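Structural characterization, general
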Amino acid sequence: MNSAFDNLDAAGFLEIWQHFDADDNGYIEGKELDEFFHHMMQRLGPQEETTEERVRELKERFMSAYDVTADGRLQIQELASMILPEEENFLLIFHREAPLDNSVDFMKIWRKYDADCSGYISAQELKAFLKDLFEQHHREVSSDKLEEYTDAMMKIFDKNKDGRLDLNDLARVLALEDNFLLQFHMDASSKEERKRDFEKIFDHYDVSKTGALEGPEVDGFVKDMMELVRPSLSGPELDKLRAVLLHHCDVNNDGKIQKNELALCLGVKS
C-alpha cells in the first residue's frame, strides 16, 4: 500500500510528517488529514482526476487499515506503518505487545539512558537507546542509519528544539499511557475510600512487591503525583521533588519509602 512513497527514508518521512502535522500536536487530523489523502491520491494516480469522492474512498480504505487506535486521526507510528517501507520503518522498534502503562517502567528507561544524570536525554544517549532497541528486535542497523534515525527522532520529539529530550518528550516517544493517578479522587471524603485508593496506588508503584518504594518506583510515583498539578515536569525538577519526598517520608532513612511511611506522609490512617 505504500507504493506511492517508494524509496522513502527517515528524512523524507520526517518532511512529510512535519508538513501535514501543521499544528505540531503529534497527530494528523481534521483538515490536515484531508490534505494528506489529497496529496496521497495525486501520488498514487497522477494521471487520474483527483475528486473529493476518490479522496474520501482512499481515506476510508487506509484509515480502516492503519488507524489502530480508531480515533479518526493518524499518530506518527500509524503513518510510518502506512507509508514507510518496512526496512526503513525505524518506529517499528517502539512497537510493544502491551503499551507502557506504568511510570515506574518508564523511569527505569529514563535512568538507564540519562547516563550523565543531567536530567535530559542527549542525542548521544538517544542513539545508545535506539541501538539497544534495534538489537532487542534483532534488526541490523548501520552507523549511518543509526545517525539518521537519531536525528529524525530528535526533530520529531524534541518539542522545544534544544537538542535534547526531556521527560515529556521521552513519554511521547514511548507512548506512555495516561497518568495512573488521574483515576482517583484525591479529595475522597470517607476513610474507607481513602484507604482503598491508597492500597491500589501503593500496589501499582510497588512493582517489585517488597512493601517499599525504592529507586524508579519512587521516581514514578513522584512523576505522576507532580504532573497532576504541573503537566510539564523536567528531569532536574523531578530529582529535587524526589529528594523532598524522601526527606519528609523516609522516617528510618533507608533510602526507601515503606508502605506505612507513605501512608503517614499522605495522612492515610490504618
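- Looking at an unreviewed UniProt entry, the chain carries the name Secretagogin, with the source organism given as Oryzias latipes.
- Here is the UniProt Subcellular location (unreviewed entry) comment for the chain, exactly as written: "Cytoplasm".

1. Topic: the domain arrangement of the chain
- According to the domain assignment, the chain consists of domain 1 (10-83), domain 2 (90-99 + 112-174) and domain 3 (191-266).
- Relative to domain 3, the C-alpha centre of domain 2 lies at a distance of 27 Å.
- Opposite the 5 residues of domain 2 that make contact, domain 3 presents 8 residues.
- Counting the surface lost from both domain 2 and domain 3, the interface buries some 500 Å², and carbon and sulfur atoms represent 58% of this.
- Of all residues in domain 2, Gly 119, Leu 167 and Asn 168 give up the largest surface area on contact with domain 3, accounting jointly for 75% of the area buried on that side.

2. Let's talk about helix H10 (residues 216-227)
- The terminal C-alpha atoms of H10 lie 16 Å apart, and with 12 residues this matches the ideal 16 Å at 1.5 Å per residue to within 8%.
- Here H10 lies mainly inside the structure; 10 of its 12 residues are buried.
- Those residues of H10 that sit buried are Glu 217, Val 218, Asp 219, Gly 220, Phe 221, Val 222, Lys 223, Asp 224, Met 226 and Glu 227.

3. Quick notes on the UniProt feature "domain: EF-hand" (unreviewed entry) in the chain
- According to UniProt, the feature "domain: EF-hand" (unreviewed entry) maps to residues 8-43, 101-136, 145-180, 193-228 and 236-270 in the numbering used here.
- Here residues 8-43 is 67% helix and 6% strand, with 13 Å between the C-alpha atoms at its ends.
- Secondary structure content for residues 101-136 is 69% helix and 6% strand, and the end C-alpha separation is 20 Å.

4. What to know about the layout of surface pockets
- Size it by volume and the largest pocket reaches roughly 1,400 Å³.
- Along its surface, the largest pocket is lined by 48 residues, and Gln 75, Arg 172, Leu 174, Ala 175 and Leu 176 are the ones closest to its centre.
- Those elements giving two or more residues to the lining of the largest pocket turn out to be helix H4 (76-83), helix H7 (143-157), helix H8 (167-173) and H10.
- Taken together, the residues of the lining of the largest pocket sort by class into 23 nonpolar, 14 polar and 11 charged.

5. Concerning the nonpolar core
- With 77 residues, the main nonpolar core has Phe 36, Phe 37, Met 82, Ile 83, Phe 90 and Phe 94 as its most contacted residues.
- Ranked by residues supplied to this core, first place goes to H7 with 7 residues.

6. Brief notes about the state of the cysteines
- Under the definition given, this model contains 1 disulfide.
- The disulfide bridge from Cys 249 ends at Cys 265, spanning 2.0 Å between sulfur atoms. The disulfide joining Cys 249 to Cys 265 has a torsion of about -70° about its S-S bond and is therefore left-handed. Placement of the pair is Cys 249 in helix H11 (residues 235-249) and Cys 265 in helix H12 (residues 259-266), with a sequence separation of 16 residues.
- Accessibility expressed as a relative area gives 1% for Cys 249, which makes it buried.
- Residue Cys 265 is classed as partly exposed on the basis of its relative accessible area, which comes to 33%.

7. Some points on the packing of helix H5 (residues 103-113) against H10
- Following both chains from N to C, one finds H5 and H10 inclined at 115°, their axes separated by 8 Å at the closest point. Overall, the two elements H5 and H10 adopt an arrangement that is roughly perpendicular. At the point where H5 passes H10, the crossing takes the right-handed sense. Where H5 approaches H10, its residues Ser 103, Val 104, Phe 106, Met 107, Lys 108 and Arg 111 are matched on the opposing element by Pro 216, Glu 217, Asp 219, Gly 220, Lys 223 and Asp 224.
- Here the contact of H5 with H10 is composed, by residue class, of 4 nonpolar, 2 polar and 6 charged.

8. Looking at H7
- For H7, with 15 residues, the first-to-last C-alpha span of 21 Å sits near the 21 Å given by 1.5 Å per residue.
- Looking at H7, one finds that the buried residues are Leu 146, Tyr 149, Thr 150, Ala 152, Met 153, Met 154, Ile 156 and Phe 157.
- Where H7 is buried, its residues meet helix H1 (10-20), H4, strand E3 (121-122), helix H6 (123-136), strand E4 (164-165) and H8.

9. Digging into the side chain of Glu 88
- Residue position: Glu 88 is located in the loop between H4 and H5.
- Residue class for Glu 88 comes out buried when judged on its relative accessible area of 12%.
- A distance of 3.3 Å separates polar atoms of two side chains, one belonging to Glu 88 and the other to Tyr 149.
- Non-local contacts of Glu 88, meaning those with residues more than four positions away in its chain, are made with Leu 8, Asp 9, Ala 10, Lys 145 and Tyr 149.

What counts as what
- Residues numbered from 1 in each chain as written.
- Predicted model: local features only at pLDDT ≥ 70, side-chain atom pairs only at ≥ 80, totals over all residues.
- Heavy atoms only, no water.
- UniProt positions renumbered as here; feature names shortened; annotations may be inferred.
- Domains from an automatic or database assignment.
- Contact = heavy atoms within 4.5 Å.
- Buried area = accessible area lost by both parts, 1.4 Å probe.
- Helix = DSSP H or I, 4+ residues; strand = E, 2+ residues; numbered from the N terminus.
- Expected span 1.5 Å × (residues − 1).
- Buried < 20%, exposed > 50% of the residue type's maximum accessible area, 1.4 Å probe, protein only.
- 1 Å grid on protein atoms, 1.4 Å probe; cavity = no way out; pocket = protein on both sides within 12 Å on 5 of 7 lines; lining within 4 Å.
- Points joined across faces, edges and corners; volume = space filled by probe spheres on them.
- Nonpolar A, V, L, I, M, F, W, Y, C, P; charged D, E, K, R; others polar.
- Core = buried A, V, L, I, M, F, W, Y, C linked by side-chain atoms within 4.5 Å.
- Disulfide = S-S within 2.5 Å.
- Axes fitted to C-alpha atoms, helices over the stretch in contact; angles between N-to-C directions.
- Parallel < 35°, antiparallel > 145°, perpendicular 65-115°, else oblique.
- Left-handed = near helix turned anticlockwise from the far one by under 90°.
- Polar contact = N/O pair within 3.5 Å; in protein donor to acceptor, adjacent residues only side chain to side chain.

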